[in-house]
Every structure is written in structure tokens, then in C-alpha cells.
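# Inside the fold
Read off the chains here:
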Amino acid sequence: MPLKLKKVFRVANSSKSIADNVLIKLSHDELTGYGEAAPSEFYGENSQTVIATLNSIKEYFSGILPELTSTTDSVGEKIAGNYAAKAAVSIALYDLIGKRLNLPLHQVLGLTQPLSGSLTSVTIGIDSLPEIQKSVEAAEEFPILKVKLGSENDREIIECIRKITDKPLRIDANEGWCRDEAVEKINWLRGEGVELVEQPLPADEIADTAWVRERVSLPIFADESVKTIHDIPKLANAFDGINIKLMKCGGITAALRMIKAARSPGLSIMLGCFIESSIAITAAAHLSAACDYLDLDGHLFLVDDPFTGLQIKRGRIKLPDSPGIGVIKRE
Ligand code: MG
């Protein structure tokens, strides 16, 4: 289902105006679980690969009484790659689990509502300076901005934002810098009220990222460098934290395992998203209490979000209390 964006969303390594996401329903015992895949060409997926993957496992769900928690794992093992497709199944199954247990998903997972200080950032994409100014003004109620850099006018972008607001900034370079440039820019950004920098260098340049990290004092987070749990061991000396997204890792069970695995080498956790409807954003938000930084704004870019769920007031997130993920289809 193509989800139209309010405006073109541009970052250093891609841009889009439509999110061709796949929304799914899984019904069992008169209960319905909702799921969503937000496939990214960057990670080798699109709506066709998602649909083909889902069709290939359809049989698996028909005519059996799924043991739901174990089913989410076995689906993950059954399919190689195709993480967004797996995430859709995982979200729908966990929605069903919650509805069957009559508990909101975070309680099913042994988690609480996010702590009262849990704020999500809202993203300012790469754009002309007048458009950036408009986006910053439109984000007035959000106390933290995530600013996309990695273009030739990074300094002008920050100076433009600083004329409007002094709120804390998180930077995402989306692999847009080389190592000397990264050191210079990160050290400058430190004096500009920046809290952290995400993915300064290309995903596979881990040793160079460690080199950069030794020369800067802001925390460095991995996003493109970390998809699944298997990427974590090699990151520990190069990064201070990782950005976990359901669509990269394959769903809720996989994300929970990543959170655990990242804690032992001392990595902080950001919970992020792609451009997603309230289905996938709300599903991810149920993991908030286990994470340190939230970046759950993907649904805010849609012209027509087909569902409601997560509420965000002045950047503070509130999960639905209803069973499962707690999303409701808009009429
Ligand atoms: Mg990122």
C-alpha cells in the first residue's frame, strides 16, 4: 500500500516521496493481528519481495493452531534475509499474542510504559535552507531534533537551525562523510549543542570509525553498520551505541535479542524506524522502556496514516493501553 509523504524526505544516501509499505492482517480465533513491512531498496527489499516472501510462508499459517511465540522464531529461521517481510509477520503475531492474552504488547514482553522522560526526536531531512527553517518551525513542540547531514552545506544547515532554536540536536550523517571530515565536523558540532552523531562513515568502514571515535568526544551511533545481532560484536570499539529498527533486524524477538546483546559490550540503544504507519511505529514503541534514545517519528511524515496508535505529545510518547499493539484502523 503506497503511503504518501507530506514532502520529499531526503537524507545523504537516499530520498523518497512514497513509502511502498505492505500492511498485513493475520486472523486466528476471531482475533486479528496487524503487521507492516516497510521495505527499503537500500537493504535489498521492496513491496514485491515482501509479498513474494509472505506468499512463500502463507501455507505455514493456514490450518495450524500457531504456538505464537515459537512461531515468530521459526518464521525467522525459515526465511533468509527479507527482514522487513519477517518484521511484518512478527508484528502481526505479537499483536495476536497480546490480544489473546488481553495484555498490551509491552506487558507481554515484561516491559512498562516508557519512563516519563522518554522523548522521541523528530527528523529534519536534507533540504534547502528555507525549507529546513520551515521544518524546524513546524517541529516546535518537539524538544529534540534529529538533523540529517552529509551534504556539502552541513555547517549552513546547523547555523540556520541555531538561528531558530537552541534545543538539543542529534545528527545523522547517513554515511555521508570521510574520516578526516568526520573528525573536523563532529568536533565543531560538539560546540553546537549536539548530543550524538549517527553513522558518520560508510557502513563497512568500521576501523576508520574507530579512528574517528578516538579523536572526538561526542557519542557515535551505528545505523547502516548494524542490521542484525550478528553485526554487534564487530562494533564495540568503533561505536558508543546502535540504532535498532524492526525493519532491519526482522521483528520484535530479534530486536529484544539485539538489545540484550548490545548491553554487554556497553553499547547504548536507540530505537529507530523507517517511514512507517502507526502499525510498525507503535509496535516498536512497545520496546521503548528497554532503550535509551527514541527516534519514532516515521508516521508523522505521512499524509494519511491508515492507523492510529502511539500518541506523541510535546515529544513524549504514550503507548495505547489496549491489548496487543493497540492500533486501530482509521475509517
Ligand atoms: Mg540513521
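Before any of the text, the structure's been laid out above.
Quick summary incoming for the structure in this document.

### Structural notes on the overall build of the chain
Assigned secondary structure in the chain consists of 11 helices and 16 strands. At 19 Å, the chain has a C-alpha radius of gyration in line with the 20 Å of a compact globule built from 331 residues. The principal-axis extents of the C-alpha atoms in the chain amount to approximately 60 × 40 × 35 Å. When burial is assessed residue by residue, the chain has 55% of its 331 residues classed as buried. A separation threshold of at least 6 residues defines the contact pool for the chain, and within that pool the share at least 24 residues apart is 65%. Accessible surface for the chain amounts to roughly 14100 Å². Of this, 50% is attributable to carbon and sulfur atoms. Where the 37 positive side-chain charges of the chain centre and where its 45 negative ones centre are 3 Å apart.

### Section: the nonpolar core
Core analysis: the biggest nonpolar cluster contains 93 residues, and W177 and I242 have the highest contact counts within it. Top contributing element to this core by residue count: helix 3 (residues 83–101), with 11 residues. Non-local contacts of I242, meaning those with residues more than four positions away in its chain, are made with F221, A222, V226, I232, L235, M258, A262, L267, S268, I269 and M270. Formed by 8 residues, the second largest nonpolar core is a distinct cluster that contains L3, L5, V11 and I275.

### A look at helix 11 (residues 278–285)
Burial of helix 11 is extensive: 8 of the 8 residues sit out of reach of the surface. Among all positions of helix 11, only S278, I279, A280, I281, T282, A283, A284 and A285 are buried.

### What about the side chain of E198?
With respect to the helices and strands, E198 occurs in strand 8 (residues 194–198). The buried category is assigned to E198, whose relative accessible area is 0%. The residues contacting E198, other than those within four sequence positions of it, are K146, I171, D172, A173, N174, F221, D223, N243 and M270.

### Here's the deal with the coordination of the magnesium ion
D172 (OD), E198 (OE) and D223 (OD) make up the full set of protein donors to the magnesium ion, lying at 2.1 to 2.2 Å. Spacing between the donor residues of the magnesium ion along the chain follows D-x25-E-x24-D. Taken together, the residues D172 in strand 7 (residues 169–172) and D223 in the loop between strand 9 (220–222) and strand 10 (241–244) connect sequence positions 51 residues apart. Like D223, D172 is buried.

### Focus: the packing of helix 5 (residues 129–138) against helix 6 (residues 154–162)
At a closest axis distance of 10 Å, the pairing of helix 5 and helix 6 adopts a crossing angle of 40 degrees. Of the possible angle classes, the one that applies to helix 5 and helix 6 is oblique. The handedness of the crossing between helix 5 and helix 6 is right-handed. Only E156, I157, C160 and I161 of helix 6 make contact with helix 5, whose side of the interface consists of L129, I132, Q133 and V136. Across the contact of helix 5 with helix 6, the residue classes tally to 6 nonpolar, 1 polar and 1 charged.

### A closer look at the packing of helix 6 against helix 7 (residues 179–190)
Think of two packed helices as two axes; the pair is described by the angle between the axes and how far apart they sit. At a minimum axis distance of 12 Å, the contact between helix 6 and helix 7 shows a crossing angle of 10 degrees. Classified by the angle their axes make, helix 6 and helix 7 are roughly parallel. Contacts between helix 6 and helix 7 involve D154, R155, I158 and E159 from the first element and E184, K185, W188 and L189 from the second. The residue inventory of the contact of helix 6 with helix 7, partitioned by class, reads 3 nonpolar, no polar and 5 charged.

### Notes on the pairing of strand 2 (residues 14–20)
In this sheet, strand 2 lies alongside strand 1 (residues 2–11) in antiparallel orientation, the contact comprising 6 bridges. In the sheet register, P2 faces strand 2, and the bridge partner there is D20. Once strand 1 ends, the chain turns through 2 residues before running back antiparallel as strand 2.

### Looking at helix 6
Among the residues of helix 6, D154, I157, I158, C160 and I161 are the ones counted as buried. All buried residues of helix 6 lie within an arc of 160 degrees about the axis, which places them on one face of the element. Tucked inside the fold, the buried residues of helix 6 contact helix 5, strand 6 (145–148), strand 7 and helix 7.

Here is what the cut-offs are and how they apply
- Counting restarts for each chain, with residues numbered from 1 along the sequence as it is written.
- Side-chain atom pairs in this predicted model are given and counted only at pLDDT of 80 or more, local residue features only at pLDDT of at least 70, and totals for whole chains, interfaces and linings cover all residues.
- Just so you know, side-chain values use all the structure's heavy atoms and leave hydrogens and water out.
- In this text, helices come from DSSP runs of H or I with a minimum length of four residues, and strands from runs of E with a minimum of two, each type numbered from the N-terminal end.
- Our radius of gyration looks at C-alpha atoms and nothing else; its globule reference is 2.2 Å times the residue count to the power 0.38.
- Accessibility here uses a 1.4 Å probe with only protein chains present; expressed as a share of the type maximum, an area under 20% marks a residue as buried, one over 50% as exposed, and anything in between as partly exposed.
- Contacts are residue-level and defined by heavy atoms, with any inter-residue pair within 4.5 Å sufficient.
- For the accessible areas, the method is Shrake-Rupley and the probe is 1.4 Å, while residue cover comes only from the protein chains on display.
- His is not counted here, nor are the chain ends, while Lys and Arg score as positive and Asp and Glu score as negative.
- To locate a charge, the coordinates of NZ of Lys, CZ of Arg, CG of Asp or CD of Glu are taken.
- What makes a nonpolar core is a set of buried Ala, Val, Leu, Ile, Met, Phe, Trp, Tyr and Cys residues whose side-chain atoms join them at distances within 4.5 Å.
- Only nitrogen, oxygen and sulfur atoms count as donors, using a 2.8 Å cut-off from the metal that widens to 3.2 Å for Na, K and Ca. Water is left out, so coordination shells may look unfilled.
- Here an angle of 0 to 180 degrees is reported between the N-to-C directions of two axes, which are lines fitted to C-alpha atoms, with helices fitted over the stretch in contact.
- Between 65 and 115 degrees an angle is taken as roughly perpendicular, under 35 as roughly parallel, over 145 as roughly antiparallel, and anywhere else as oblique.
- Each crossing gets its hand from how the near helix is turned against the far one by less than a right angle, where anticlockwise is left-handed and clockwise is right-handed.
- Amino acids outside the nonpolar list (Ala, Val, Leu, Ile, Met, Phe, Trp, Tyr, Cys, Pro) and the charged list (Asp, Glu, Lys, Arg) are all regarded as polar, and Gly is one of them.
- In this analysis, strands are considered paired if DSSP registers two or more bridges between them.
- It is the directions from the helix axis to the C-beta atoms whose arc is reported.

Shape is all these values report; function is a separate question.
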